[in-house]
Amino acid sequence: MSDATSEWVRKPSAAGEGTACTLEEYEAMYARSLDDSDGFWAEQAERIDWIEKPSNIADWSYDPVDIKWFADGKLNICHNAVDRHVEAGHGNRTALIFEPDDPDGATRHITYAELRREVSRMANTLLKMGVAKGDRVTIYMPMVPEGAYAMLACARIGAIHSVIFGGFSPDAIAGRVEDCKSDWIVTADEGLRGSKTIPLKANVDAALEKVPAKAVLVLRHTGGNVAMKDGRDHWYHELSADVPDECPCEPMGAEDPLFILYTSGSTGKPKGVLHTTGGYAVWTETTFRYVFDYREGEIYWCTADIGWVTGHSYIVYGPLLNGATALMFEGVPNYPDHDRFWAVCDKHKVNIFYTAPTAIRALMREGDAHVTKHDLSSIRLLGSVGEPINPEAWRWYHDTVGKGSVPIIDTWWQTETGGTMITTLPGAHDMKPGSAGKPFFGICPQLVDNDGGVLEGAASGNLCITRSWPGQARTVYGDHERFVQTYFSTYKGKYFTGDGCRRDEDGYYWITGRVDDVINVSGHRMGTAEVESALVLHEKVSEAAVVGYPHDIKGQGIYCYVTLKVGEEPSDDLAAELRAWVRKEIGPIATPDHLHFTPALPKTRSGKIMRRILRKIAENDYGALGDTSTLADPSVVDALIEGRQNR
Ligand code: 6R9
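Residues numbered from 1 in each chain as written. Predicted model: local features only at pLDDT ≥ 70, side-chain atom pairs only at ≥ 80, totals over all residues. Heavy atoms only, no water.

*Asks:* Please clarify how the pairing of strand β27 (residues 495–503) should be interpreted in this entry.
*Replies:* Looking along a regular strand, one sees side chains alternate from face to face of the sheet. Among the nine residues of β27, eight are classified as buried, and the element is accordingly described as predominantly covered. As defined by bridge partners, strand β25 (residues 459–465) adjoins β27 across six bridges and the pair is classed as antiparallel. The residue of β27 that forms the bridge with A459 is R503. Of the pairings in the sheet, the one linking β27 to strand β28 (residues 509–514) comprises five bridges and is antiparallel in character. Bridged to R503 within β28 is Y509. Taking the residues between adjacent antiparallel strands as the criterion, β27 and β28 are bridged by five residues, where G507 takes a positive phi near 80°. (Buried < 20%, exposed > 50% of the residue type's maximum accessible area, 1.4 Å probe, protein only. Helix = DSSP H or I, 4+ residues; strand = E, 2+ residues; numbered from the N terminus. Pairing = 2+ DSSP bridges.)

*Asks:* Would you take a moment to explain the site of the ligand for this structure?
*Replies:* For the ligand, the set of nearby residues contains 17 residues, the closest of which are D410, T411, T415, D499 and R525. One nitrogen or oxygen atom from the side chain of T415 is found 2.5 Å from an oxygen atom belonging to the ligand. Contacts to the ligand include R514, whose side-chain N or O atom sits 2.9 Å from an oxygen atom. For the ligand, the protein covers 96% of the area, taking 530 Å² as the surface of the free molecule. Of all the elements in the fold, those that place two or more residues in the shell around the ligand are α10 (309–321), β20 (408–411) and β28. Split by residue class, the shell around the ligand holds six nonpolar, six polar and five charged. (Near = heavy atom within 4 Å. Polar contact = N/O pair within 3.5 Å; in protein donor to acceptor, adjacent residues only side chain to side chain. Areas by Shrake-Rupley, 256 points an atom, 1.4 Å probe, with all protein chains shown as cover. Nonpolar A, V, L, I, M, F, W, Y, C, P; charged D, E, K, R; others polar.)

*Asks:* Would you take a moment to explain the packing of helix α6 (residues 170–179) against helix α7 (residues 200–207) for this structure?
*Replies:* How two helices sit against one another is set out by the angle between their axes and by the gap between those axes. At a minimum axis separation of 8 Å, α6 and α7 run at an interaxial angle of 60°. Relative to α7, α6 is oriented oblique. Both α6 and α7 take part in a crossing whose hand is right-handed. On the side of α6, the interface is formed by P170, I173 and A174, while α7 contributes N203, V204, A206 and A207. A per-class count over the contact of α6 with α7 returns six nonpolar, one polar and no charged. (Axes fitted to C-alpha atoms, helices over the stretch in contact; angles between N-to-C directions. Parallel < 35°, antiparallel > 145°, perpendicular 65-115°, else oblique. Left-handed = near helix turned anticlockwise from the far one by under 90°. Contact = heavy atoms within 4.5 Å.)

Here it is as structure tokens:
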């Protein structure tokens, strides 16, 4: 392999109109964001409408962990994302474009004035249902504008939204509803993805057999038949029929909670990552502005789902805070054909396109003709997010989609970071395929070795961040100790990201992937422990160990080693049953790629499963099994290699 470090791709020379900053500006602003952090962020915060302007800018500590930004400020983020633009005379500007799953279905254009009415109507409907400030509202919606309305409506009245991705199962919904004690659910009859219907309401019904909720608000979307429970379930169009389309914005403290978003970690059940109002507003506004270099009138499309943080920050809040026009797409990249993304870019003359490496790899495999048959000349910026992008996919994205002349931003960030942390800026930096690039304003990355020793210069290590930034998660909902343990105890006084990373001699960062027991499947974060817990819940399973392995399209695939209870026999039927079981317990995104029945797992004499060995076998890499002498029974390894599934 060539030394990718030396492979530069120069940015196009004309930065053009907009917010684009040059390399000199980036360097000056980055330096100031560290040397005069309060001054820098107070200035960025001026683009937000504050009810009470903050004077206390940064107020945080990593030991003990207590993070506050703009603490004495008051604002409403929905006002800033919606009303502010109408009041500034931009009511006729398009806020959202909706492209349905069916290419022949009705496209919708929603102006900022309409958005204000729709969000207000939704907010009044929530109030009518009984939702109060501080309540947790679960949103389980398809990718339709009403999903964004629901989020913004919560923000408008000071309720805390908890969006759950539509691909999660009833059990996963129940766990999340229970964890944040959410009495209220917003959902739709069904979702549509690639012409398949997703039974959203039925999934909610199944979840609510396990946990209680006071009311369910149901959007009629497909018109499919769903059961409605008297006294609990309400059709949105009925309940909202007589509510006004004006609703005041609740003044919120900057540190009042805005949303909870569940994400996977290396242990136990998913964590409810909590973001607050003021810092998140400033962070998503600023990152969107500089990273996407957004220019008035442009069409911006992020292909994520609002169920993930990328959808929160870069479909809803970031773009709308900037008064941008954001496209929402309900469908999938390969329906009705593998050209759908490019057809949509052409149809809506998309200027900025932001997607995930897994989609790029899948579409690359289908051949260039799907791309070249569409006019993509409107695209002037391409983005990537969610997992490391391999240089081959980067090249294809750059050369075939971007015709070799469009800059790519590879944005590294996490649910916990609220917005982009490491990326090149399109007007400032040359690119290196596979490298995320440079830290955003205010971000201090640090690489440490396994003992916490700080690594300087060109080095590889564990990626930490040493200073807080406005968009940082404040806690794990209801469990601050878990927040401290997960992120601030491995390397005391630092935020530990869980990612491995290399910094090259030019100061560019190359994320190498998770160093904990989290795997990244098609850009979806998953704890191997979650899949293991699901498997051992099955009556025939005694023990399970789950690892990731490199997968051409998905980035990582899910490889499960399973030992059965005495008397149970492995069979293809049982393997299929266990796959279906995991889908039911977690959701389709967690479907195992390989199920490997084994009479025993490799363990140390003290009983620890040697995952390193399991990873190597799943990767088909037996030359590097390393030291197996500490195994209680080394012969297990030969049997595992013999029975390997990923040939
Ligand atoms: C935004 C988002 C976070 C994890 C993160 C890392 C991986 C995200 C990446 C990337 C390499 C990038 N990740 N962006 N790795 N390059 N540009 O995806 O949040 O779902 O919480 O996942 O995703 O491993 O730690 P989230």
